[in-house]
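So the chains spell out like this:
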Amino acid sequence: MEVIILFSVFLVLLLVGMPIAFSLGLASLSYLLLEGISLTIVPQRMYAGIDTFVLLCIPGFVLAGNLMNAGNITDHIVRFANALLGHIRGGLGLANVGGSMIFGGISGTAVADSASIGSVMIPGMARAGYDKPFAAAVTAASSTIGPIIPPSVPMIIAGSLSGISVGRMFLAGAVPGLLLGLAMMITVYILAVRRGYPKEKRVSLLQLLCEAKTAFWALLMTVIILYGIIGGFFTPTEASIVASLYALVVGMYVYKGLSWKKLPAILSDTVLTSSALLLMVGLANLFGWILTSEQIPQMIAELILSISDNPLIVLLILNLILLFVGAFMETIAALIILFPALVGVATGVGVDPVHFAVIAVLNLMIGLTTPPVGVCLFVVAGIGKLPMLTVARAIVPFLLCNLAVLLLVTYVPAISLWLPNLLMGSH
């Protein structure tokens, strides 16, 4: 009975618009009061949830993303992508996807990508003759690439929950992320040709090289992060600090968009964003502890395995569960509550845990652009001043494209595992 009340309170609070962290916390509190459990368990479980060294990556990468964004990095990335792809039919849409692939390798979060790229590209595409709903849909869909291409905040969370190497997961996300970007570019091109969207004038080779030189510093940041982790020079947490220092120097002295006056606001925004994420991690851990004590994960595992123990069928069921949950729940909370249970089911039928981590994150990223609670849809709808339903309709072709990539990544493990096995050895 108490478990039913737990889920009922949680769902009602979500539906009335309560932030996910408070929905988790208040639902957990109602359960503890009904069960007569001492409330001292609240700070204990919250602290246990965030007392992990690898979670220090989160403020580090959030700060790096904020510094690069404030340092005009987004403009330079978009200009380079446009110089490279703008002359193709639907070129600004292709540049939008390309910009997200580059920026995603810096910020590691989809919402930051939607807001940063969207504020530049949605008005720009509308002025150039693209339908505004299409511009918003491209921005929202392509923002989901960010947490697949390393660095990735959701993969950091998954690693802290399961003990899976964050470095291996970062590498495992690289090829699926590039595949996702390529599939979206094909979708953009097909729609652009059908709808007669414009193309830009081809830039000269000199101008292209000039834009590439400017964007080089942004690309180098991702290389430093990955090479440092793979080469054993620093841990993912240390990589986030190196990335922040690099972003500060490049933003201030190369792009010159940063100034000392901007730093207090950037640091304040980083503290607020990181605090909100870590509060969610702590409260989700409390919620997850309640589920574990009620043996909900074991019940889910037994239910799935009672249907089938065929890995292909089990992976399909896990995908459906994650897609459904991702459409209603924020990514971090969904990972903390579900990932430990589901990764156990997956590994139990012979699925590599790193492979499943990529599948789980990809599923939940697609959820960010799926109605009714797709956060990225709300972000781009706000930037474009469009009704949510209009953006939701426009994003359907991209959802179908992303689902096709999800199935490919799910059933061809080599797409995820080839790179980490090559560079770090099989495990």
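Above this note sits the structure.
Residues numbered from 1 in each chain as written. Predicted model: local features only at pLDDT ≥ 70, side-chain atom pairs only at ≥ 80, totals over all residues. Heavy atoms only, no water.

A.B. asks: Lay out the side chain of threonine 139 with the relevant residues and their values.
C.D. replies: Tracing the backbone shows threonine 139 in helix 8 (residues 132-143). Residue classification places threonine 139 among the buried residues on the basis of a relative accessible area of 0%. Those residues in contact with threonine 139, other than ones at most four positions away along the chain, are Asn96, Ser114, Ile117, Gly118, Ile122 and Val380. (Helix = DSSP H or I, 4+ residues; strand = E, 2+ residues; numbered from the N terminus. Buried < 20%, exposed > 50% of the residue type's maximum accessible area, 1.4 Å probe, protein only. Contact = heavy atoms within 4.5 Å.)

A.B. asks: I'd like a rundown of the environment of leucine 171, residues and numbers included.
C.D. replies: Considering the arrangement of structural elements, one finds leucine 171 in helix 10 (residues 166-195). You can call leucine 171 buried: its relative accessible area is 2%. Leucine 171 sits 21 residues away from proline 150 along the chain, and the two C-alpha atoms are 7.1 Å apart. Setting aside residues no more than four positions away along its own chain, leucine 171 makes contact with Leu226, Ile230, Leu419, Pro420, Leu423 and Met424.

A.B. asks: Pulling in residues and values, what's your account of the nonpolar core?
C.D. replies: Leu24, Phe134, Phe339, Phe356 and Phe398 are the most contacted members of the largest nonpolar core, which has 145 residues in total. Looking at which element gives the most residues to this core, the answer is helix 10, with 13 residues. When near neighbours in sequence (up to four residues on either side) are disregarded, leucine 24 contacts Phe10, Met280, Leu283, Ala284, Phe287, Ala333 and Ile337. (Core = buried A, V, L, I, M, F, W, Y, C linked by side-chain atoms within 4.5 Å.)

A.B. asks: Tell me about the packing of helix 2 (residues 20-35) against helix 13 (residues 263-293), and name the residues and values.
C.D. replies: As a packed pair, helix 2 and helix 13 sit with axes 9 Å apart at the nearest point and diverge in direction by 35 degrees. Of the two elements, helix 2 crosses helix 13, and the hand of that crossing is left-handed. Counted together, Ile20, Ala21, Phe22, Leu24, Gly25, Ala27, Ser28, Tyr31 and Leu32 of helix 2 and Leu279, Met280, Leu283, Ala284, Leu286, Phe287, Trp289, Ile290 and Ser293 of helix 13 form the full contact between these two elements. (Axes fitted to C-alpha atoms, helices over the stretch in contact; angles between N-to-C directions. Left-handed = near helix turned anticlockwise from the far one by under 90°.)

A.B. asks: Which residues make up the packing of aromatic side chains, and what are the values?
C.D. replies: All told, the structure shown has eight aromatic pairs when counted by the stated rule. Aromatic pair phenylalanine 7 and phenylalanine 287: ring centres 6.0 Å apart, planes at 85 degrees, arrangement edge-to-face. Placement of the pair is phenylalanine 7 in helix 1 (residues 2-15) and phenylalanine 287 in helix 13, with a sequence separation of 280 residues. Looking at phenylalanine 287, the relative accessible area reads 1%, which means it is buried. Between phenylalanine 134 and tyrosine 197, the aromatic rings sit 4.7 Å apart at their centres with planes inclined by 40 degrees, giving tilted as the arrangement. Within this pair, whereas phenylalanine 134 is found in helix 8, its partner tyrosine 197 is found in the loop between helix 10 and helix 11 (205-230), the two being separated by 63 residues in sequence. Across the pair, exposure class does not vary: phenylalanine 134 and tyrosine 197 are buried alike. (Phe/Tyr/Trp six-rings, centres within 6.5 Å; stacked < 30°, edge-to-face > 60°.)

A.B. asks: So what's going on with unusual backbone geometry? Residues and values would help.
C.D. replies: The backbone of glutamine 295 shows a phi angle near 60 degrees, a positive value even though the residue is not glycine. For glutamine 295, the position within the fold is in the loop between helix 13 and helix 14 (296-307). In the Ramachandran plot, lysine 385 falls in the positive-phi region, its phi being about 55 degrees despite a non-glycine side chain. Mapped onto the fold, lysine 385 is located in the loop between helix 18 (375-384) and helix 19 (388-394).

A.B. asks: Which residues make up the packing of helix 15 (residues 311-326) against helix 20 (residues 396-411), and what are the values?
C.D. replies: Two numbers describe how helix 15 lies on helix 20: the axes approach to 11 Å, and their chain directions differ by 140 degrees. Relative to helix 20, helix 15 is oriented oblique. Helix 15 and helix 20 meet at a crossing whose hand is right-handed. Packed against helix 15, whose contacting residues are Leu312, Leu315, Leu316, Asn319 and Leu323, the element helix 20 presents Leu403, Leu406, Thr410 and Tyr411 at the interface. In terms of residue class, the contact of helix 15 with helix 20 is built from seven nonpolar, two polar and no charged. (Parallel < 35°, antiparallel > 145°, perpendicular 65-115°, else oblique. Nonpolar A, V, L, I, M, F, W, Y, C, P; charged D, E, K, R; others polar.)

A.B. asks: Explain helix 9 (residues 153-162) to me, using residue names and the numbers behind them.
C.D. replies: Summarising burial for helix 9: seven of the 10 residues are buried, a large majority. Taken residue by residue, helix 9 has Val153, Pro154, Met155, Ile156, Ile157, Ala158 and Gly159 as its buried positions. Contacts from the buried residues of helix 9 go to helix 4 (57-70), helix 10, helix 13, helix 16 (331-348) and helix 17 (353-367). Positive phi shows up at glycine 163, right after helix 9, with a value of about 80 degrees.

A.B. asks: An account of the environment of serine 119 is requested, with residue identities and associated values reported.
C.D. replies: Relative to the assigned elements, serine 119 resides in helix 7 (residues 110-127). Residue class for serine 119 comes out partly exposed when judged on its relative accessible area of 44%. Spatially, the C-alpha atom of serine 119 lies 6.4 Å from that of isoleucine 383, the residues being 264 residues apart in sequence. When near neighbours in sequence (up to four residues on either side) are disregarded, serine 119 contacts Ser114 and Ile383.

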